[in-house]
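Chain and residue survey
Here are the chains, one letter per residue:
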Amino acid sequence: MNIVLFGPPGAGKGTQAIKLSGHYNIPHISTGDILRANVRDGTELGREAKVFMDVGKLVPDEVLIGIIKSRLLGPDCSPGFLLDGYPRTIPQADALTGILEEIGKPLDVVLNIDVPDEKLVTRLSGRRMCQCGASFHVEFNSPKQDGICDACGGELYQRDDDKEEAIIQRLEVYSTQTQPLIDYYGKIGIMVTIDGIGDIDDIFADICKALE
Ligand code: ADP
Ligand code: ADP
Ligand code: ZN
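Counting restarts for each chain: residues are numbered from 1 in the order of the written sequence. To read the labels, note that chains go from A and ligands from 1, taken in the order they are written. Local features in a predicted model are, by the rule used here, given only for residues with pLDDT of at least 70; side-chain atom pairs are given and counted only at 80 or more, and totals for whole chains, interfaces and linings are based on all residues. Working from all heavy atoms in the structure, the side-chain values ignore hydrogens and water.

**Observations concerning unusual backbone geometry**
Glycine aside, a negative phi is what most residues show, and trans is what most peptide bonds show. Heads up, the condition is: Only DSSP runs of H or I reaching four residues or more are called helices, and only runs of E reaching two or more are called strands; each is numbered from the N terminus.
Backbone torsion omega between Tyr86 and Pro87 reads 0 degrees, so that peptide bond is classified as cis. You can see Pro87 is positioned in the loop between strand S3 (81-84) and helix H5 (90-103). For Asn25, which is not glycine, the phi torsion reads 60 degrees and is therefore positive. The topology assignment puts Asn25 in the loop between helix H1 (13-24) and strand S2 (28-30).

Below is the structure:
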């Protein structure tokens, strides 16, 4: 199964992706996680990307296209993949189409998790992340032990871009640069919209139903 998880920042893509990846046994490819790992490791890519990420802007397309191309060639992607946070612009989507054509793995579905803006700000400002990619929420999805990741025992942290100013910028970037992809994939007829409000497990069940 070749899947793109689509939706605004805070829609619950990462939360659902971890569950889906386990359920369908396909790798969860989060460009945000890949970039943050590079920032932590102090790579050249990380230094370049951090400037954009901290202020809530998109990292340039050519950087992301390079990352995604090499990642999709990984042998673990042969049973399929789950993209989270890519594509975010029309050029990224065009590049993805080209790469997938080249490797003979067309997209099966783009799952659009729909959550209105007013909910997103509270979700993002209360989000706590783990380096393993798991995310929690101080109120809506709190870890069993305060500040500790349920999945790996790692220490939770608040992302630099989950502060109000960067959140507002990211939502603006989403509506101008990313939202046009709803039309793009809608026209091809492979987009399914999922209501992203409600219990996390209920949303997961809706997604699984849509995939069957
Ligand atoms: P969220 O989960 O809140 O939507 P991500 O973790 O996907 O955020 O992304 C965090 C930041 O990483 C983005 O604001 C952007 O700076 C950068 N980024 C991630 N994916 C992409 C992409 N496909 N294109 C450009 N920038 C990206
Ligand atoms: P994204 O990857 O789309 O940016 P996340 O999966 O990181 O979003 O979720 C954003 C925040 O909202 C996290 O704090 C997460 O725990 C919380 N969250 C995820 N799904 C729900 C939900 N259905 N209801 C309430 N909060 C949620
Ligand atoms: Zn963890």
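**Considering the coordination of the zinc ion (ligand 3)**
Rule in force here: Only nitrogen, oxygen and sulfur atoms qualify as donors, provided they sit within 2.8 Å of the metal or within 3.2 Å for Na, K and Ca; with water excluded from the atoms, sites may seem incomplete. In these descriptions, tetrahedral denotes four donors with every angle between 85 and 135 degrees, square planar four donors and octahedral six donors with opposite donors over 155 degrees apart and the rest between 65 and 115, and irregular any other case. For the exposure calls, accessible area comes from a 1.4 Å probe over protein chains only, and a residue counts as buried if that area is under 20% of its type's maximum, exposed if over 50%, partly exposed in between.
Distances from the zinc ion (ligand 3) to its protein donors, Cys130 (SG), Cys132 (SG), Cys149 (SG) and Cys152 (SG), fall within 2.3 Å. Given 4 donor atoms and angles of 97 to 114 degrees at the metal, the environment of the zinc ion (ligand 3) is assigned as tetrahedral. For the zinc ion (ligand 3), the single-chain donor residues occur in sequence as C-x1-C-x16-C-x2-C. Taken as a pair, Cys132 in the loop between strand S5 (127-129) and strand S6 (135-137) and Cys149 in the loop between S6 and helix H7 (164-178) lie far apart in primary sequence, 17 residues in all. Its relative accessible area of 3% is what places Cys149 among the buried residues.

**Considerations on the site of ligand 1**
Our working definition: Any residue with a heavy atom lying within 4 Å of a molecule or strand is counted as near it. Under this definition, polar contacts are N or O atom pairs within 3.5 Å; protein pairs additionally need one hydrogen-donor-capable and one acceptor-capable atom, and for neighbouring residues in sequence, both atoms have to be side-chain atoms. Accessibility throughout is a Shrake-Rupley quantity obtained with a 1.4 Å probe, and a residue counts as covered only by protein chains that appear here. In this classification, the charged set is Asp, Glu, Lys and Arg, the nonpolar set is Ala, Val, Leu, Ile, Met, Phe, Trp, Tyr, Cys and Pro, and all remaining amino acids, among them Gly, are polar.
Around ligand 1, the structure places 19 residues, and the nearest of them are Thr31, Arg36, Lys57, Gln92 and Arg170. One nitrogen or oxygen atom from the main chain of Val59 is found 3.1 Å from a nitrogen atom belonging to ligand 1. Gln92 places a side-chain nitrogen or oxygen 2.9 Å from a nitrogen atom of ligand 1. For ligand 1, the protein covers 96% of the area, taking 550 Å² as the surface of the free molecule. Sorting elements by how many residues they give to the shell around ligand 1 places helix H2 (residues 31-41) first, with 4 residues. Of the residues belonging to the shell around ligand 1, the class tally is 7 nonpolar, 4 polar and 8 charged.

**Quick word on the site of ligand 2**
Near ligand 2, the surroundings consist of 19 residues, among which Gly10, Lys13, Thr15, Arg127 and Phe136 are the closest. Take Arg123: an N or O atom from its side chain is 3.3 Å from a nitrogen atom of ligand 2. Take Ser135: an N or O atom from its side chain is 3.0 Å from an oxygen atom of ligand 2. Burial of ligand 2 by the surrounding chains reaches 92%, relative to a free accessible area of 560 Å². At the level of elements, H1, S6 and helix H9 (200-211) are the ones that each hand at least two residues to the shell around ligand 2. Split by residue class, the shell around ligand 2 holds 7 nonpolar, 9 polar and 3 charged.

**Section: the pattern of salt bridges**
The condition that has to hold: Salt bridges, as used here, are contacts in which a Lys or Arg side-chain nitrogen is within 4 Å of a carboxyl oxygen on Asp or Glu.
Evaluation of the coordinates by the stated rule reveals 10 salt bridges. For the salt bridge of Asp162 with Arg170, the shortest nitrogen-to-oxygen distance reads 3.0 Å. What makes Asp162 buried here is its relative accessible area of 1%. A cluster of three or more residues bridged by salt bridges with shared partners is formed by Arg127, Arg159, Asp161, Asp162 and Arg170.

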